[in-house]
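# Structural description and commentary
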Amino acid sequence: MKIPYARPDITPDDIKAVTDILQTDWLTQGPLQERFESAIAKYTGARYAVGVSSGTAALHLLYLAMGVGPGRTIWTSPNTFVATANASLYCGGKADFVDIDPRTYNLSPEALAKKLKIHEKDLPFLIVPVHFAGQSCAMEEIRSLAEAHGIAIVEDASHAIGTAYQGRPVGCCQWSDAAVLSFHAVKIITSGEGGMILTNRADLYERLVRLRSHGITRHPELFSQPNPGPWYYEQLELGYNYRLTDIQAALGLSQTNRITTYVARRAELVRSYNQALADLPLTLPWQDPRGSPSWHLYVVQLVSERIKKTQREIFECLQRGGIGVNLHYIPVHLQPFYQKLGFRVGDFPEAESYYRRAITLPLFPGLQLDELNFVVDQLRAILLD
Ligand SMILES: *Cc1c(COP(=O)(O)O)cnc(C)c1O
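Below: a short report on this structure. Computed from a predicted model, the values in this text were never measured in an experiment. (Residues numbered from 1 in each chain as written. Predicted model: local features only at pLDDT ≥ 70, side-chain atom pairs only at ≥ 80, totals over all residues. Heavy atoms only, no water.)

### Concerning the sheet that holds strand β13 (residues 291-292)
Pairing between the strands of a sheet comes from backbone hydrogen bonds, and it takes one of two forms, parallel or antiparallel. Using the following cut-off: By definition, two strands form a pair when at least two bridges between them are found by DSSP. For the purposes of this entry, the term helix denotes a DSSP run of H or I that reaches at least four residues, the term strand denotes a run of E that reaches at least two, and both are numbered from the N terminus.
As summarised here, the arrangement of the three strands in space is β7-β6-β13, forming an open sheet in which the pairing is antiparallel. The outermost strands of the open sheet, each flanked by one partner alone, are β7 (168-169) and β13. Pairing geometry for strand β6 (residues 164-165) and β13, over two bridges, is antiparallel. Looking at the pairing, Y165 lines up with G291 of β13.

### As for unusual backbone geometry
Most of the time, phi is negative for any residue but glycine, and the peptide bond is trans. We count it as follows: The classification of residues rests on relative accessible area computed with a 1.4 Å probe and restricted to protein chains. Under 20% of the type maximum is buried, over 50% is exposed, and intermediate values are partly exposed.
Along the chain, H328 connects to Y329 via a cis peptide bond; the corresponding omega equals -5°. Along the chain, the position of Y329 falls in the loop between α10 (311-320) and α11 (336-340). The phi dihedral of Y105 is positive, around 65°, even though this residue is not glycine. Its location among the elements puts Y105 in the loop between β3 (94-97) and α5 (109-118). What makes Y105 buried here is its relative accessible area of 5%. The backbone phi angle of A133 is positive, close to 60°, even though this residue is not glycine. For A133, the location among the structural elements is in the loop between β4 (126-128) and α6 (139-148). Residue class for A133 comes out buried when judged on its relative accessible area of 6%.

### Structural notes on the site of the ligand
The following threshold applies: Whether a residue is near a molecule or strand depends on its heavy atoms: if one lies within 4 Å, it is near. Whenever two N or O atoms come within 3.5 Å, that pair is a polar contact, provided that in protein one can donate a hydrogen and the other can accept it, and provided that, for residues adjacent in sequence, both atoms are side-chain atoms.
Close to the ligand lie 16 residues; G55, T56, H159, S182 and K187 are nearest. Within the side chain of Y329, a nitrogen or oxygen atom sits 3.1 Å from an oxygen atom of the ligand. With three residues, helix α3 (residues 55-66) is the single largest residue contributor to the shell around the ligand.

### Quick notes on the packing of helix α9 (residues 259-277) against helix α13 (residues 369-384)
The condition is simple: The convention used is that axes are lines fitted to C-alpha atoms, helices contributing only their stretch in contact, and that angles between N-to-C directions extend from 0 to 180 degrees. For this classification, under 35 degrees means roughly parallel, over 145 means roughly antiparallel, 65 to 115 means roughly perpendicular, and everything else is oblique. Left-handed describes a crossing in which the near helix is turned anticlockwise from the far one by less than a right angle; the clockwise case is right-handed. Only heavy atoms enter the contact rule, under which two residues are in contact if any of them lie within 4.5 Å.
Where α9 contacts α13, the two axes come as close as 10 Å, and the packing angle between them is 30°. As far as their axial angle goes, α13 and α9 are roughly parallel. When you trace α9 past α13, the crossing you get is right-handed. Across the interface between the two elements, R265, L269, S272, Y273, A276 and L277 of α9 pack against L369, L372, V375, V376, L379 and R380 of α13.

### What to know about α9
This is how the line gets drawn: Between the first and last residue of a helix there are one fewer steps than residues, each counted as 1.5 Å, and that sum is the expected span.
The end-to-end C-alpha distance of α9 is 27 Å, a good match for the 27 Å that 19 residues give at a rise of 1.5 Å each. All of the buried residues along α9 are I259, Y262, V263, R266, A267, L269, V270, Y273 and L277. On its buried side, α9 packs onto α2 (31-44), α8 (246-256), β12 (282-283), β14 (298-302), β15 (358-361) and α13.

### Concerning the packing of α10 against α13
Applicable threshold: Three classes are used: nonpolar for Ala, Val, Leu, Ile, Met, Phe, Trp, Tyr, Cys and Pro, charged for Asp, Glu, Lys and Arg, and polar for all others, with Gly counted as polar.
Where α10 contacts α13, the axes come no closer than 10 Å and their chain directions differ by 140°. Classified by the interaxial angle, the pair formed by α10 and α13 is oblique. Viewed along their axes, α10 and α13 form a crossing whose handedness is right-handed. Taking contact as the criterion, the partners of I314, C317 and L318 in α10 are, on α13, Q378, L379, I382 and L383. Here the residues of the contact of α10 with α13 sort into six nonpolar, one polar and no charged.

### Some words on the pattern of salt bridges
What counts here: Every case where a carboxyl oxygen of Asp or Glu lies within 4 Å of a side-chain nitrogen of Lys or Arg is listed as a salt bridge.
Evaluated as defined, the whole model comprises 17 salt bridges. D9 is the partner of R258 in a salt bridge, and the nearest nitrogen-oxygen pair spans 3.6 Å. Residue R258 is located in the loop between α8 and α9, and its partner D9 is located in the segment before α1 (12-22); the two are separated by 249 residues in the primary sequence. On the basis of relative accessibility, which here comes to 16%, the residue R258 falls in the buried class.

### Observations regarding the packing of aromatic side chains
Note the cut-off: Only Phe, Tyr and Trp rings take part, Trp by its six-membered ring, and two of them pair if their centres are within 6.5 Å. Stacked means planes under 30 degrees apart, edge-to-face means over 60, and tilted covers everything else. Two conditions define a charge located above a ring, namely a distance within 6 Å from the ring centre to NZ of Lys or CZ of Arg, and an angle within 35 degrees of the ring normal.
Applying the stated criterion across every chain, the model contains 15 aromatic pairs. Geometrically, the ring pair formed by F223 and Y232 is edge-to-face, given 5.0 Å between the ring centres and 85° between the ring planes. Overall, F223 belongs to the buried group, its relative accessible area being 13%. Overall, the relative accessible area of 16% leaves Y232 in the buried class. Among the aromatic side chains, those forming a connected cluster through ring pairs are F97, F337, Y338, F343 and F348. The ring of W286 carries the charged tip of R103 above its face, separated from the ring centre by 3.9 Å. The ring of W75 carries K115 above its face, with NZ or CZ at 5.3 Å from the centroid.

Structure below.
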């Protein structure tokens, strides 16, 4: 048996949606992009949605539109994909980190409160909580700390379409200025590559739409020079080509219909894993009672004191057994690039200790129960050997 850690679920409907688009004149940024944006806005309850070419592009444009730049620093979780921090550097800004909560593996409000006290004189410009594995951060606490210091929040919700917090969908932006989604092939829904920014702010929306396409506008009311004719457009600032194609949007839109089904299936599989692994020397995912996770990832931590093998031996054993395990995430500040910027081993001890114990097991909607049991049996044999 060979089981990947993630696998996109592509149905005949998805395939038809994509091939239908190939027979139209709209291959890029056409009506499907708008329909995809509307569908995601409706699902999350956000007023505006801006589809872009990737989650990374979404972070880059959002940071730019928020005003990240030279002399400004974003604070995020070290337990994230490098893109969350990198996007600030694209803008000429800096990135720093706030250690994680050892229960949720999300940015810790307590660590944030401490760090804000220490940095009273050089506060961050933006705080970027990441809803790791599809579990919402403690947005209530993070929001009140940020507000008390006049700092804006944007959410990296790449794992979290389908997640709820306090009964509201992540992406509704009740506790932030905007949220970013990724539709990379391993995420909850996919458009191949793709991303989206959600916001309730009209000004941010207008700016994002412009930055997505070279900084160009075709709205005459925004022109700064006389309008010479119908061919005319103006470039008002330096933007990018970060558009989503209609081919991608067709796939994303088709997948949007199944977010609820996917999240329910993931929850079911997580319950099966939790039951089957309960007696092993593992720390299983803890669920914040205020939230309802999308379970983008299923991560277990090894209780090393009770296991004879190392993390690496267990990881390699599972791989040899055909199980596509993974590790989310190598703390960003441990990357050589960030070490060169001055970060050190020991800077964020909770994220580092988590990293030394974590293993991501296969989880995707198409995972069958016999496959899940195969993973469980292998892991049991390796741990108890
Ligand atoms: C996937 C991911 C990204 C980047 O998204 P892409 O669509 O791959 O560019 C950013 N942040 C997190 C937390 C992610 O998981």
